[in-house]
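One-letter residues, chain by chain:
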Amino acid sequence: MPFKTLLTEALGIAIPVVQGGMQWVGYAELAAAVSNAGGLGILTALTQPSPEALRDEIRRCRKLTDKPFGVNLTLLPALTPPDYPAYARVIIAEGIKIVETAGNSPGAIIKQLKEAKIIILHKCTTIRHALSAEKLGVDFLSIDGFECAGHVGEHDIANFVLLRRAAQELKTPFIASGGFADGQGLAGALSLGACGINMGTRFMCTVEAPIHENVKKAIVAASEDDTELLLRRWRNTSRLFKNKVAVEAKKIETTSTTGEFKELAHLVAGKRGREVYLNGDVDHGVWSAGPVMGVIKDIPTCDVLVKRIEKEAEEVVEKLSAMVVKGGRPAKL
């Protein structure tokens with residue numbers, strides 16, 4: 001039985017599960033598979049080398065699904081930043097109705113997208129940042145707990161506390177991100193005040209994820225201890241899969257007497273991480289993954305996964321409902 005939440009109602013999806021934007025992973029085949037399964041698939045704009053390439057990817061995704069899907073646009077610090085307004089113009093021109101935003105100083109891009117009546121789902125790792133995003137008029141917030149993969153922020157607040165704080169402070173509906181892989185997690189997020197969940201690592205480990213099979217097998221074989229936090233020294237903390245390169249980079253970061261990023265830049269280069277997904281050598285470069293790997297035990301299709309999550313969540317809700325005794329105190333066990 002499909003869930004009905006503010007997220008499913010606003011986005012026109014059957015199950016309140018979002019596939020988060022992931023660099024070098026969020027291509028049309030994965031986004032379409034998630035949307036066809038009843039969730040919300042998301043293309044990653046900056047995975048495409050240019051705005052026009054994004055236009056082509058959007059059109060490719062439309063050939064694979066007639067269900068709603070979105071685009072992620074993440075604003076990251078760079079010496080030569082991408083032409084974000086041009087990417088936004090393509091998103092608008094192609095009729096995309098849902099955009100996941102993240103990163104620094106998103107106000108101008110959010111304004112540009114909102115003027116086109118696009119639904120904005122903005123990612124935050126703190127309540128302070130979420131309150132600021134509310135003032136920009138975003139429609140949904142994605143609250144990213146410390147369990148998430150990739151950029152975790154600098155405050156290290158896990159979802160059990162962060163989601164309750166979000167429910168206390170925010171007027172804007174929010175979804176939960178970081179540490180989710182199954183229906184038990186979805187039910188838990190809903191009970192903590194969220195209207196859905198965002199999953200990244202779990203969707204990497206599906207048949208349709210356009211990455212090498214060795215990466216998926218590494219996720220299945222990993223435990224919740226197999227991540228590494230890098231770049232905290234420069235306040236750009238990222239959670240990555242704990243491989244030989246990540247361990248080497250962490251050692252340099254923590255022992256360097258100069259504190260210069262260039263000492264480990266060659267190890268954490270994005271080009272090397274992308275090549276991991278292509279050549280299957282999981283120790284070739286750094287790549288994002290969360291401790292939820294410990295929960296992941298298989299490589300299903302997106303359809304099997306999303307429908308399983310729905311069934312599991314429904315079973316949990318029914319089980320909890322049966323524990324409520326109305327009209328008096330429960331009998332002694």
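Details of the structure are given in the entry above.
Student: Would you take a moment to explain the pattern of salt bridges for this structure?
Tutor: Where side chains of opposite charge bring their charged atoms close, a pairing between them can arise. All chains considered together, the criterion is met by 20 salt bridges. For Arg232, the salt bridge goes to Asp156, with nearest N and O atoms at 2.7 Å. Separated by 76 residues along the polypeptide, Arg232 in the loop between β10 (227–230) and β11 (238–241) and Asp156 in the loop between β7 (150–151) and α7 (159–169) bring together distant segments of the chain. Residue class for Arg232 comes out partly exposed when judged on its relative accessible area of 31%. The exposure class assigned to Asp156 is partly exposed, which follows from its relative accessible area of 33%. In this structure, the salt-bridge partner of Glu169 is Arg165, at a minimum N-O distance of 2.9 Å. Taken together, the residues Glu169 and Arg165, both in helix α7 and four residues apart, mark about one turn of the helix. Using a relative accessible area of 31% as the deciding quantity, one classes Arg165 as partly exposed.

Student: Just to check I follow, could you spell out the pairing of strand β4 (residues 98–103) for this structure?
Tutor: Along any regular strand, the residues point their side chains to alternate faces of the sheet. Counting buried residues in β4 gives five out of six residues, a clear majority hidden from the surface. Judged from the five bridges that link them, strand β3 (residues 69–75) and β4 form a sheet pairing that is parallel. Its bridge partner lying in β4, Asn72 is registered against Glu100. Running through helix α4 (residues 84–93), the crossover from β3 to the neighbouring parallel element β4 is right-handed. Sheet topology places β4 next to strand β5 (residues 119–124); four bridges connect them, and they run parallel. Paired with Thr101 across the strands is His122, a residue of β5. Handedness of the β4-helix α5 (residues 107–114)-β5 crossover: right-handed.

Student: Looking at this structure, I do not really get the sheet that holds β10. What am I missing?
Tutor: One key point about sheets: their strands pair by backbone hydrogen bonds, in either a parallel or an antiparallel sense. Pairing within the open sheet is antiparallel, and its three strands lie in the order β7-β11-β10. The two strands at the open ends of the sheet, each matched to only one other strand, are β7 and β10. Here β10 pairs with β11 via four bridges, running antiparallel. Bridging across to β11, Leu230 finds its partner in Ser238. Contacts from helix α11 (residues 244–255) reach β10 and β11 within the one sheet, and its direction differs from that of β10 by about 35 degrees.

Definitions and limits used
Residues numbered from 1 in each chain as written. Predicted model: local features only at pLDDT ≥ 70, side-chain atom pairs only at ≥ 80, totals over all residues. Heavy atoms only, no water. Salt bridge = Lys/Arg side-chain N within 4 Å of Asp/Glu carboxyl O. Helix = DSSP H or I, 4+ residues; strand = E, 2+ residues; numbered from the N terminus. Buried < 20%, exposed > 50% of the residue type's maximum accessible area, 1.4 Å probe, protein only. Pairing = 2+ DSSP bridges. Right-handed = clockwise from strand over helix to strand, strands pointing away. Contact = heavy atoms within 4.5 Å. Axes fitted to C-alpha atoms, helices over the stretch in contact; angles between N-to-C directions.

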